[in-house]
Amino acid sequence: MTHNKGNICFILGGTRSGKSGFALRKSSEFSGKKAYIATAQALDDEMKERIDKHKRERSGDWTTFEEPANISGLIKYVHNKYDVVIIDCLTLWLSNLMLADSNIENESDRFISSISDVHCSLFIVSNEVGLGIVPDNAVARKFRDTAGYVNQRVAETADEVYLVTAGIPVKIK
Amino acid sequence: MTHNKGNICFILGGTRSGKSGFALRKSSEFSGKKAYIATAQALDDEMKERIDKHKRERSGDWTTFEEPANISGLIKYVHNKYDVVIIDCLTLWLSNLMLADSNIENESDRFISSISDVHCSLFIVSNEVGLGIVPDNAVARKFRDTAGYVNQRVAETADEVYLVTAGIPVKIK
Amino acid sequence: MTHNKGNICFILGGTRSGKSGFALRKSSEFSGKKAYIATAQALDDEMKERIDKHKRERSGDWTTFEEPANISGLIKYVHNKYDVVIIDCLTLWLSNLMLADSNIENESDRFISSISDVHCSLFIVSNEVGLGIVPDNAVARKFRDTAGYVNQRVAETADEVYLVTAGIPVKIK
C-alpha cells in the first residue's frame, strides 16, 4: 500500500472575509469522508451564535470535532481516516492556548510537525491580524506576533495559500 | 429605448490607502454627468477637515450629495440621471446606521437591491476593517462583522473589485 | 563617471508578516557593500528583544546604523557609499517623529526627496496599519492616517512594491 502525501491548502483572511465559506466551497471539489475541526469555544452568547451559524452553513456530510487546544493530536488521528479535513481556525486555537497559558512555541512546533505528513486534503483557515495599528496592551501585541509567526510557518509548509478579501480568494502561493 | 445595465466597480482598501483617489481616477475614464455621494458627517473638526480635503480633490465636474443614511433611496434617484456615480464610503454609512440604531440587515438588503439594476457606472468605496486584532468592545466587533458581511455581498454583486494598498490598485475580480 | 540611478523596492506588510525577512532575502540578490538602517529604539525589554532578534537574523555582511529620526540625512550619507541599503522600518520612524513632536509633513517631504536620487539598491520596509477598525484615540488615528499617506508617497516613488502576507511576497507594482 502506498501512502500518497496529502495536500495542504492554507486560507488566510480578515474577520468576516469569507474564509470559512471559501474553505467549504474549495473542499467540496474533493470527494470522500469529511472532518471539520472547530477550535471555537462557546464561552459566551456572541461566540455561541457564531459557532451555530457556521454549523448551519455546513451540510450533513461533515463530521464535526470540537477541539480548542489539542488539534495536533487530533490531526494525527483523523488524517488517515478522513479524505478532507478543515481546521477552522488557527487564530482561535492560538487564542485558546494563550488563555490556557500553554507553551505556544512547543505547541506550534507540534502542529507544524503534525501537518507535515498528512494523507488527507487539509484546509487550514486562519486570520490575518497584523494589519491594524499596534494594540495598547502587551497580551494583544504578543498574540498578534504569535499569530503572524505561526501563519508564516504554516504558509511555508502549505502547498497552496489563498488570501480572501470580501469573499474573493486570491491565490498567493 | 433600451436600458443598458450599468457597471459596478467595488473599491476596497484601508484607511488612507488611496481608495477615493483611485475611484476618482478610474471614474475619469467615463464621460457624462457625475454624482458623488458622500456618506461622511462633519460631526467634529477632524471629520470636517477630512471631508473638505476630499472635496478639494474633486474637480467641479461633480455634483455632491451628502447623505449619511438613505443611500439606497438616493441611488434609485441618481442612477438614471447621472452617468457616473461614486459612493464614498460604505463603512461610514454602516457606522452612521449603527449610531442611529437602524436595522442594518434591512438596510443592507435595500442597498444590495438598489444597486442591482443601476444604469450608471457605479463606483463603491469601502474600508476593509477586519485585518487587525479583535477589538475590546462589543460594538466595534459587531461593526467589524457587519462591514465584512456587507463587503462580501457588494463584492458578489460587483462586476469588478479592486483592493488598494498604498495607492496601488490590485484587481481581484 | 556615470551615476546609475538606483532602484527602490518598497516592502509593505503587517506585523510579523515576514517583511524584514523578505527584504533580506531579496537584497541578497545584490552584491557589494551593505547598510542596514534600523529605526527601532530599544525603549523597553519587548522592543530590545525584537531588535536583537532582527540583528541575529542578519549576517555579518551588514553595517548597521541605528537612527530613529534623521533617516533622510543618513540616506544622503550612505547611498553612494553602499551598494545595498535597507531601511527597516518607516512606521517606527514615523512613530518616533510623532513622539518627538516633529513636523511630520516636512520630514516626509525631506524623506521623499532624499530617496528620489539614490544610487544604491534601496529596500524600504513599512507596515500597513490601516486595515483594522478605527482606533479609539485621536493620536492613533493621526498616526494611521500619516502612515497611510507616507506609504502612498513612497509607493509612488518606488520602482517595485511588494505586499508580504504570512511570509509570501506579492508584487503589486
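Before reading on, note that the structure itself is shown above.
Bear in mind that the values here come from a model prediction, so they are computed numbers and not experimental data.

What follows deals with the overall build of chain A. Scanning chain A from terminus to terminus reveals 6 helices and 7 strands. Over its C-alpha trace chain A gives a radius of gyration of 15 Å, about what one expects of a compact globule, namely 16 Å for 173 residues. Put simply, 76% of the contacts in chain A that link residues at least 6 apart link residues at least 24 apart. Entry remark: accessible area of chain A is about 7800 Å², with carbon and sulfur atoms responsible for 48%. Here chain A holds 22 positive side-chain charges and 23 negative ones, and the gap between their average locations is 4 Å.

This part takes up the side chain of Ser114(A). Residues and elements named next belong to chain A. Inspection of the secondary structure assignment puts serine 114 in helix α5 (residues 104-115). The buried category is assigned to serine 114, whose relative accessible area is 2%. Among the polar contacts listed, one links the side chain of serine 114 to the backbone oxygen of phenylalanine 111, at a separation of 2.8 Å. Apart from residues no more than four positions distant in its own chain, serine 114 is found in contact with Ser72, Ile75 and Lys76.

A few words now on the relation of the copies chain A and chain B. Rotating chain A by 120 degrees and moving it 0.0 Å along the rotation axis overlays it on chain B with an RMSD of 0.0 Å. Each copy turns onto its partner about a three-fold axis. Closest approach to the rotation axis among the C-alpha atoms of chain A is made by Gly132(A), whose C-alpha sits 2.5 Å away.

Residues and elements named next belong to chain A. Throughout the structure, instances matching the rule amount to 15 salt bridges over all chains. Two residues, aspartate 52 and lysine 48, come together in a salt bridge whose shortest N-O distance is 3.3 Å. You can see aspartate 52 and its partner lysine 48 sitting in helix α2 (residues 45-57), 4 residues apart, about one turn around the helix.

Here we take up the pairing of strand β6 (residues 160-165) of chain C. Residue and element names in this part refer to chain C. Taking burial as the measure, the 6 residues of β6 include 6 buried ones, the bulk of the element. Of the two faces of β6, the one carrying Glu160, Tyr162 and Val164 and the one carrying Val161, Leu163 and Thr165 are both buried. Relative to β6, strand β1 (residues 7-13) runs parallel, the two being bridged by 5 bridges. Bridge pairing in β6 links isoleucine 11 to tyrosine 162. As paired elements, β6 and strand β7 (residues 168-171) share 4 bridges and run antiparallel to each other. Counted as the bridge partner of leucine 163 is valine 170 from β7.

A probe as big as a water molecule, rolled over the atoms, marks out the empty space that is left. Per the counting criterion, the structure on display carries 1 cavity of 30 Å³ or more. In this structure, the largest cavity spans a volume of roughly 30 Å³. Lining of the largest cavity is provided by Thr15(A), Arg16(A), Glu128(B), Val129(B), Gly130(B), Arg144(B), Gly148(B) and Asn151(B). Its residues assigned to classes, the lining of the largest cavity comprises 1 nonpolar, 4 polar and 3 charged.

A separate point is the interface of chain A and chain B. Counting residues at the interface gives 21 residues for chain A, matched by 18 residues for chain B. The interface formed by chain A and chain B includes 0 salt bridges. Run the count over chain A and chain B and you get 6 residue pairs in polar contact (both at pLDDT 80 or more). If you list the elements that add at least two residues to the side of chain A that touches chain B, you get α2, α6 (138-157) and β7 (168-171) of chain A. Of the residues in the side of chain A that touches chain B, the class split is 7 nonpolar, 9 polar and 5 charged.

With that settled, the discussion passes to the interface of chain C and chain A. The partner chain A presents 19 residues to the 21 residues of chain C that form the contact. At the boundary of chain C with chain A, total buried surface from both sides reaches about 1600 Å², with 60% on carbon and sulfur atoms. At the boundary of chain C and chain A, one finds 0 salt bridges. The interface formed by chain C and chain A contains 6 residue pairs in polar contact (both at pLDDT 80 or more).

Here we take up the environment of His79(C). Residues and elements named next belong to chain C. With respect to the helices, strands and loops of the structure, histidine 79 is situated in the loop between α3 (71-78) and β4 (84-88). You can call histidine 79 buried: its relative accessible area is 10%. When sequence neighbours within four positions are dropped, the list of residues in contact with histidine 79 reads Asp117, Val118, His119 and Cys120. Within the structure, histidine 79 has its side chain in polar contact with the backbone nitrogen of histidine 119 (distance 3.0 Å).

Another point: the environment of Asp61(C). Residues and elements named next belong to chain C. Looking at where aspartate 61 falls in the secondary structure, it is placed in the loop between α2 (45-57) and β3 (62-66). A relative accessible area of 54% places aspartate 61 in the exposed class. For the pair formed by aspartate 61 and asparagine 7, sequence separation is 54 residues and the distance between their alpha carbons is 20 Å.

Summarising burial for helix α1 (residues 19-27) of chain C: 7 of the 9 residues are buried, a large majority. By the burial criterion, the buried members of α1(C) are Lys19(C), Ser20(C), Phe22(C), Ala23(C), Leu24(C), Lys26(C) and Ser27(C).

Quick look at helix α4 (residues 90-99) of chain B now. Residues and elements named next belong to chain B. Residues of α4 that are buried include every one of Leu90, Thr91, Trp93, Leu94, Asn96 and Leu97, and no others. Tucked into the core, α4 has its buried residues touching β1 (7-13), α3 (71-78), β4 (84-88), α5 (104-115), β5 (121-127) and α6 (138-157). With its phi angle positive at about 60 degrees, aspartate 101 sits one or two positions after the end of α4.

Hydrogen bonds between backbone atoms are what pair the strands of a sheet, whose relative direction is either parallel or antiparallel. Residue and element names in this part refer to chain A. Here 7 strands make up an open sheet; going across it, the order is β3-β2-β4-β5-β1-β6-β7 and the pairing mixed. Two strands lie at the open edges of the sheet, namely β3 (62-66) and β7, each paired on one side alone. Taking each pair of neighbouring strands and ignoring which way they run, the sheet shows an average axis angle of 20 degrees. Relative to strand β4 (residues 84-88), strand β2 (residues 34-38) is paired through 5 bridges, and the arrangement is parallel. Residue lysine 34 lies in a different strand from β4, and its bridge partner there is valine 84. Packed on one face of the sheet, helix α1 (residues 19-27) meets β1 (7-13), β2, β3, β4, β5 (121-127), β6 (160-165) and β7 and runs near 170 degrees to β5.

Moving on to the packing of helix α4 (residues 90-99) of chain A against α5(A). Residues and elements named next belong to chain A. Contact pair α4 / α5: the axes reach a minimum separation of 10 Å and the direction vectors enclose 145 degrees. Where α4 crosses over α5, the two elements pack in a sense that is right-handed. For the pair α4 and α5, contact is made by Leu90, Trp93, Leu94, Leu97 and Met98 and by Ile104, Glu107, Ser108 and Phe111, respectively. The residue inventory of the contact of α4 with α5, partitioned by class, reads 7 nonpolar, 1 polar and 1 charged.

The rules we used
- Residues numbered from 1 in each chain as written.
- Chains lettered and ligands numbered in written order.
- Predicted model: local features only at pLDDT ≥ 70, side-chain atom pairs only at ≥ 80, totals over all residues.
- Heavy atoms only, no water.
- Helix = DSSP H or I, 4+ residues; strand = E, 2+ residues; numbered from the N terminus.
- Rg over C-alpha atoms; globule rule 2.2 N^0.38 Å.
- Contact = heavy atoms within 4.5 Å.
- Areas by Shrake-Rupley, 256 points an atom, 1.4 Å probe, with all protein chains shown as cover.
- Lys, Arg positive; Asp, Glu negative; His and termini not counted.
- Charge placed at Lys NZ, Arg CZ, Asp CG, Glu CD.
- Buried < 20%, exposed > 50% of the residue type's maximum accessible area, 1.4 Å probe, protein only.
- Polar contact = N/O pair within 3.5 Å; in protein donor to acceptor, adjacent residues only side chain to side chain.
- Least-squares fit on C-alpha atoms with pLDDT ≥ 70 in both.
- Salt bridge = Lys/Arg side-chain N within 4 Å of Asp/Glu carboxyl O.
- Pairing = 2+ DSSP bridges.
- 1 Å grid on protein atoms, 1.4 Å probe; cavity = no way out; pocket = protein on both sides within 12 Å on 5 of 7 lines; lining within 4 Å.
- Points joined across faces, edges and corners; volume = space filled by probe spheres on them.
- Nonpolar A, V, L, I, M, F, W, Y, C, P; charged D, E, K, R; others polar.
- Buried area = accessible area lost by both parts, 1.4 Å probe.
- Axes fitted to C-alpha atoms, helices over the stretch in contact; angles between N-to-C directions.
- Left-handed = near helix turned anticlockwise from the far one by under 90°.

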